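Observations on chain architecture
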Amino acid sequence: MFELPSGAEIQSIIATLKTGVGFFIPEIYLSVLFMLLIVIDLVVKGRKNNLLSAVTALGLAGGFYFIYQQHLLEAGEIFFGMYVLDEFALFFKYFFVLSGILAVLVSVADDQLNRQARSIGEYYALIVAMVIGMIMMASSADLLMMFLSMELVGLTAYVLTGYLKNDPRSAEGALKYLVYGAVSSGLMVYGFSLIYGLTAETNIMKISAELALHGYDPLVMMLASLLILAGFGYKIGAVPFHFWSPDVYEGAPTPVTAYLSVGSKAAGFAILMRFFYVAIPHGGEPFQDIAGMDWLSLLIVISIASMIYGNVVALWQKNVKRLLAYSSIAHAGYALLGIIAMDELGTQATLFYLLGYLLMNIGAFYVVILISNRTGSENLEDYRGLGRKMPLAGAALTVFLISLVGLPPTIGFIGKLMIFSALLAKGSVFIWLALIGVLTSVISLYYYMLIPLNMYLRESQQPDEGKDATGMVHRIGIAVLMILTIYFGLFFKPLLDFAKISSSMLGMTIY
Amino acid sequence: MLSLIVFLPILAGLVILAVPSSQKQIIRMVSLLAAIAQGVLAVLIWQGYDASLPGITAAAGGAPEGSFQFIERLPWINLDLGTMGSLNIEYFLGVDGLSITMVILTALISIIGVLSSWPIQKQVKGYFILFNLLSTAMMGCFVALDFFLFYVFWELMLLPMYFLIGIWGGPNREYAAIKFFLYTLFGSVFMLLVMIGLYFSVTDPVTGNHTFSLVAMASQENYIKDAILGPDNVMWRYAAFIVLFIGFAIKVPMFPFHTWLPDAHVEAPTPISVILAGVLLKLGTYGMMRINFPLFPEVFQASLYVIAVLGAINIIYGAFCALAQQDLKKMVAYSSISHMGYVLLGLAAANTEGMVGALYQMFNHGTITAMLFLLVGVIYDRAHTRQIDKFGGLASYMPVYAAVVTIAWFASLGLPGLSGFISEAFVFVGAFSSETTRNVAIVSVLGIVFGAAYLLWSLQRMFLGKRKPDAAYDLEVGADGHEHIHFHDWKGKLDLDARELVMLVPLAVIVIFLGIYPMPVLGMLTSSINKLVEVLSPVVMTALN
């Protein structure tokens, strides 16, 4: 029988919620911003795109203040263990707000989006909604909350992907995204239910304690891990859960592609790390009996498959967005290597890698947008001779691509260096993984260099159609991203320190 | 001082960035000034260099001072990694006998490179920015004493080189450029892994922290015994040696990793060929002497024979390929492969004579091959072809050109009195006196014969005899009643013009002078080579174990 709580119990519940709200201010602030954007759109009723984008960007930037305030708070659980606040979550809060701002910036740059979308209002509101969802993904500590936040991100992403209503590719991408998303969510929930069946808990810290106390059937655990990985792997776009990404990346408006490729992927990494590090820590005392075959081995397989598949298939791509989509599969594989190392250095490396990927990938898409504004195309063929027509954009794109390959002196090189250092610090066990990593990055050089090859080495077929019409804001935008990519490739200490501080997670029993 | 010599070109590049692209002459002059300033600095360093200090490893007590010179050492990245200790990367420059010769060579070739870039008309601004970037990266490689810094410079060379071949190259440039890029990157990614492995295996004797310092890595007592590349981990030390060797061998280029070189040379414009052959190839053998061998001396000792055989294959195979070429530039490219084989053979001798010969050969090959490529460029500019059988009897029509070609060709085949002879002689003396390499050396001598064959044969076909019916030029009877040569669309001076002479004559003087009196260079490098031989000797290794 279900008993009604007594008055005192209700009082204590309310008190807990009240304290929790104090730890939830950035999320509340962003929700207010979300609603404000919808209201502004209703009030101005016209195509005041600039007003909306400015409010969104400034509003998101204001979010930094509230996140910064959270450094003063103690790390802890709120809302009955549904949600946590720790350094790890704070890292991703900064990360997602920054990626939201960059997404707004690239959205402003995209002529196609601004021409086609009838009302831009919901677009920016959805971007903010996705920021909220991703922040919640990184902070959830409960299976239910994890599922809900992933769905929030998923649903906004489906709508954003299909935002170009007149473009059939956009609609196709959105539908594929939705169908694959529904299937992988279903699988993940099944995995969650198996875990719940094993432990009768939904809080990941309690799950961990319960598993340690009572042990479990390794076969069921293996199945549950695999199913849950299907859900997380779908978000990070790793093989074999990647099937949606090329079509979605190609069909979606390019700013959305850029946003998904860094934001949603990083959110997937955040939730993956938190869930596996906290709920099913590998290598700790109670778990030694199943060291043979477990989620770590699954991750190794996924990572190798992603690096090889992503890089090899990208070789044949003729469309730059599709090429970057396949390469993003490969980058998911590299970032996973840091998780596989399973120590502080590895976590730090993965976090740093994601930061680097944010800079260089948004940068690359930014230039792709500016180029497509001019040529109306994202085909490699149409990049011919652009290096001379758009010198700054060409140089910047070359820097971003070099960084994506992992050559010095760029942030991408330091990312790879940290990842491989984390693997080699473990002694000789993971050398072969590092070998696959470096060899596949040699492959990646070939297809990334196809873009500068077309831009600089080949002459354009069409006559020059006039001056470079890129606005001053966007020139400064790409120049800043380019300089940061190089600057943090030479002086990376602050970012690495930040990543190191952020690698501590509440309730984690490893390291 | 060293920072200045490294970063001057990049500063020039930044200045050029601000110059409007229509001001071609200013852009060229800025680059030339930077290169000359680099040359002056190189001379100053040479004057201030104390040839008695050994280099290679740290002086007693673990500090590089007293062993290396012109040291600049600043902490660059200091990062606390918690349980993994701390990550220390230093901005650490310095020279010893190995690098000072290469610094001088690089400065010299850079000046020549800028001068020979003068006629380039296409996208001059972009060209010189990339050229200066390349120049900085090359110089940086030779003076960096921190592995991380070395790696950054090493990789920094690739992109400018890719564009310089890819944009300003010949018809098949796309293929040549990406082939160069992929080959070298393939070699260097393994270097990255070895670098990380070494970092975790070596501690700085002064601070006790892990370090990227090549000076600390060169002393075996700084290795942690059971670390991944520590002395106990024999298998991984062999693996690391092999992949490092392949990485550097690709740059040399050593058979069977040489195939990128002929493609790159044939497509590259003349100045880039000069830089490529004059400096870049040396980075491969320099890397072996600085990093590959002293860090893994016991593996080096175990693989002497293999290295010698590979060197011999390079010598003979390169010579045979050169013999078969119709394209003059391809012939010179293969002769480079052959001549770099002598360097490998000298290194495999593992004694002072061989190693001195190897390093001296690197310097001489730099100057001689620069001349060869410049001379190929001279005739290609005029005739727009490099096919050897499209010429004939050139000696009577272009006497100055023929004279310079003769000096360069004879220097290349190792004629006594010219610098190539001395280095090759040292290499063979070294290789004969080592038990391991004696047999290989005997076979390699054949390379000299074939070398003479292709060089003399090409000289004969191009310069002696009469004009061939299908030659790339016409003959006209001038007002004075003599026959004059006439190229179809060449407006300039028929024989060497002033700019070409300014490039070629100093090189020819150096080649002749160092052939008669080699001590200025040999004197600088002997104490470092002695130290290197000592570090590599089996005696030291056994003493440690």
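Each remark here, short or long, concerns the structure printed above.
Residue positions are given per chain, counted from 1 along the sequence in the order it is written. Each chain takes a letter, starting from A, and each ligand takes a number, starting from 1, following the order in which they are written. Restriction of local features to residues with pLDDT of at least 70 applies here, the model being predicted, together with a cutoff of 80 or more for giving and counting side-chain atom pairs; totals for whole chains, interfaces and linings are based on all residues. Side-chain descriptors were evaluated using all non-hydrogen atoms of the structure, hydrogens and water having been removed beforehand.

1. Thoughts on the interface of chain B and chain A
- Contact between two residues is taken to exist if any of their heavy atoms lie within 4.5 Å; hydrogens are not considered. In this assembly, 38 residues from chain B lie in contact with 40 residues from chain A.
- Accessible-area loss on putting two parts together, using a 1.4 Å probe and summing over both, is the definition of buried area adopted here. Both sides together, the interface formed by chain B and chain A hides about 3700 Å², and carbon and sulfur atoms give 81% of it.
- For the chain B face of the interface with chain A, the top three residues by lost area are L79(B), E174(B) and L193(B), together amounting to 15%.
- What counts as a salt bridge is simple: a side-chain nitrogen of Lys or Arg found within 4 Å of a carboxyl oxygen of Asp or Glu. One can count one salt bridge joining chain B with chain A.

2. Description of the packing of aromatic side chains
- For this analysis, a ring pair means two rings from Phe, Tyr or Trp (six-membered ring only for Trp) whose centres lie within 6.5 Å, classed as stacked if their planes differ by under 30 degrees, edge-to-face if by over 60, and tilted for the remaining angles. Throughout the structure, instances matching the rule amount to 61 aromatic pairs over all chains.
- A centroid spacing of 5.1 Å and a plane angle of 80 degrees characterise the contact between F24(A) and Y83(A), whose relative ring orientation is edge-to-face. Of the two residues, F24(A) sits in the loop between helix 1 (7-22) and helix 2 (25-44) while Y83(A) sits in strand 2 (residues 83-85), which places them 59 residues apart along the sequence. Exposure class is identical for F24(A) and Y83(A). Each is buried.
- Between F7(B) and F153(B), the aromatic rings sit 6.2 Å apart at their centres with planes inclined by 45 degrees, giving tilted as the arrangement. With F7(B) in helix 1 (residues 2-18) and F153(B) in helix 5 (residues 147-156), this residue pair connects regions lying 146 residues apart in the sequence.
- Here F153(B) falls in the buried class, since its relative accessible area comes to 5%.
- The rings of F64(A), F88(A), F91(A), F92(A), Y94(A), F95(A), F96(A) and F498(A) are connected pair by pair, giving a single aromatic cluster.
- Any Lys NZ or Arg CZ found within 6 Å of a ring centre and within 35 degrees of that ring's normal is scored as a charge over the ring. The lysine or arginine in question, K416(A), covers the ring of Y334(A), its NZ or CZ lying 4.4 Å from the ring centre.
- Just above the ring of W154(B) sits the side chain of K251(B); from NZ or CZ to the centre is 4.7 Å. We count a stretch as a helix when DSSP gives it H or I for four or more residues in a row; a strand needs E for two or more, and each element gets its number in order from the N terminus. The cut-offs for exposure are 20% and 50% of the maximum accessible area for each residue type, with area from a 1.4 Å probe on protein chains only; residues under the lower value are buried, those over the upper are exposed, and the others partly exposed.

3. Some words on the side chain of T485(A)
Residues and elements named next belong to chain A.
- In this fold, T485 is placed in helix 20 (residues 472-490).
- By relative accessible area, T485 is classed as buried at 0%.
- A polar contact is formed between the side chain of T485 and the backbone oxygen of L481, at a distance of 2.7 Å.
- Setting aside its immediate chain neighbours within four residues, T485 contacts L359, V399, F400, S403, P409, T410 and I411. Pairing of N or O atoms within 3.5 Å defines a polar contact, subject to two protein rules: one partner must be a possible hydrogen donor and the other a possible acceptor, and residues neighboring in sequence count only if both atoms are side-chain atoms.

4. Quick word on the packing of helix 7 (residues 173-201) of chain B against helix 9 (residues 234-251) of chain B
Residue and element names in this part refer to chain B.
- Only the contacting stretch of a helix is used when fitting its axis, a line to C-alpha atoms as for every element, and angles between N-to-C directions run 0 to 180 degrees. Contact geometry for helix 7 and helix 9: axes closest at 8 Å, N-to-C directions at 150 degrees. The orientation of helix 7 with respect to helix 9, classified from their angle, is roughly antiparallel. As for the relative orientation of helix 7 and helix 9, their crossing is left-handed in sense. Touching Y183, T184, F186, G187, F190, M191 and V194 of helix 7 are A240, V243, L244, G247, F248, I250 and K251, all from helix 9.
- Residue composition of the contact of helix 7 with helix 9, by class: 10 nonpolar, three polar and one charged. Orientation is classified from the angle alone, with under 35 degrees giving roughly parallel, over 145 giving roughly antiparallel, 65 to 115 giving roughly perpendicular, and any other angle giving oblique. Crossings are sorted by hand: turned counterclockwise from the far helix by less than a right angle, the near helix makes the crossing left-handed, and turned clockwise it makes it right-handed. Charged means Asp, Glu, Lys or Arg here, nonpolar means Ala, Val, Leu, Ile, Met, Phe, Trp, Tyr, Cys or Pro, and polar covers whatever is left, Gly included.

5. Some thoughts on the packing of helix 10 (residues 218-236) of chain A against helix 12 (residues 254-279) of chain A
All names here are of chain A.
- In the contact formed by helix 10 and helix 12, the axes pass within 7 Å of each other and the chain directions differ by 155 degrees. Compared by their axis directions, helix 10 and helix 12 come out roughly antiparallel. For the pair helix 10 and helix 12, contact is made by S225, I228, L229, F232, K235 and I236 and by S264, K265, G268, F269, I271, L272, F275 and F276, respectively.
- Partitioned by chemical class, the residues of the contact of helix 10 with helix 12 number nine nonpolar, three polar and two charged.

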